[in-house]
Amino acid sequence: WSRDIVPSPKRALLAGEDTSAAKLVGREIKVNRTNTAGLLEVDYRWDFEEDPPSMGLFDLILSYAILEHLLDPYKHVSDLAGLLSPDGFLIVHTVCLGFDYHRYPIDACRFYPDWFEEIAKKLRLAIVKKRIKDSHIFYMYQKTDEAS
């Protein structure tokens, strides 16, 4: 997920349970401004089960460690895709089967690669990169006119 894949986004959004990851995104990928969204100590207050607040568009969005806590994870990814600027990137991180139960406020589900592959088709996002390691799963999508 390095800067050789994502060309210097002007505006990034970190949506998730751990807003400290925003610093990592800013360091790894040269970002002019990284905004945060969630419920605690964030730039945009957003209960991810609800519609997103008005935030504008982003060149890079990172959804970090939140999907497993949502009753409707598809809605969350769909909402994030709607916040992407043309040719923008979306990185989604969550956990796979085998990851320990961890309640915040609920622990609702685990994911397989098939879910992420179908999300790409349904939301017309191109899969740029994917990684599964140590019960974690990462997918990087790009919003394009001709998603595969």
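Cut-offs applied
- Residues numbered from 1 in each chain as written.
- Predicted model: local features only at pLDDT ≥ 70, side-chain atom pairs only at ≥ 80, totals over all residues.
- Heavy atoms only, no water.
- Pairing = 2+ DSSP bridges.
- Helix = DSSP H or I, 4+ residues; strand = E, 2+ residues; numbered from the N terminus.
- Contact = heavy atoms within 4.5 Å.
- Axes fitted to C-alpha atoms, helices over the stretch in contact; angles between N-to-C directions.
- Buried < 20%, exposed > 50% of the residue type's maximum accessible area, 1.4 Å probe, protein only.

## What about the sheet that holds strand β7 (residues 136-143)?
The strands making up a sheet associate through backbone hydrogen bonding, with each pair oriented either parallel or antiparallel.
Then comes step 1: Pairing is mixed across the open sheet formed by 7 strands, whose spatial order is β3-β2-β1-β4-β5-β7-β6. The outermost strands of the open sheet, each flanked by one partner alone, are β3 (44-45) and β6 (125-133).
Then comes step 2: In terms of strand pairing, strand β2 (residues 33-38) meets β3 through 2 bridges, oriented parallel. Across the sheet, Ala37 pairs through a bridge with Tyr44, a residue of β3.
Then comes step 3: Relative to strand β5 (residues 84-95), helix α2 (residues 73-82) is tilted by about 155 degrees, and along the sheet it contacts β1 (11-16), β4 (58-64), β5, β6 and β7.
Then comes step 4: Taken strand by strand, helix α3 (residues 113-123) contacts β5, β6 and β7, and its axis lies near 10 degrees from that of β7.

## Considerations on the environment of Arg110
Then comes step 1: Secondary-structure assignment places Arg110 in the loop between β5 and α3.
Then comes step 2: You can call Arg110 partly exposed: its relative accessible area is 21%.
Then comes step 3: Taking the C-alpha atoms as reference points, Arg110 and Thr94, separated by 16 residues in sequence, lie 8.0 Å from one another.

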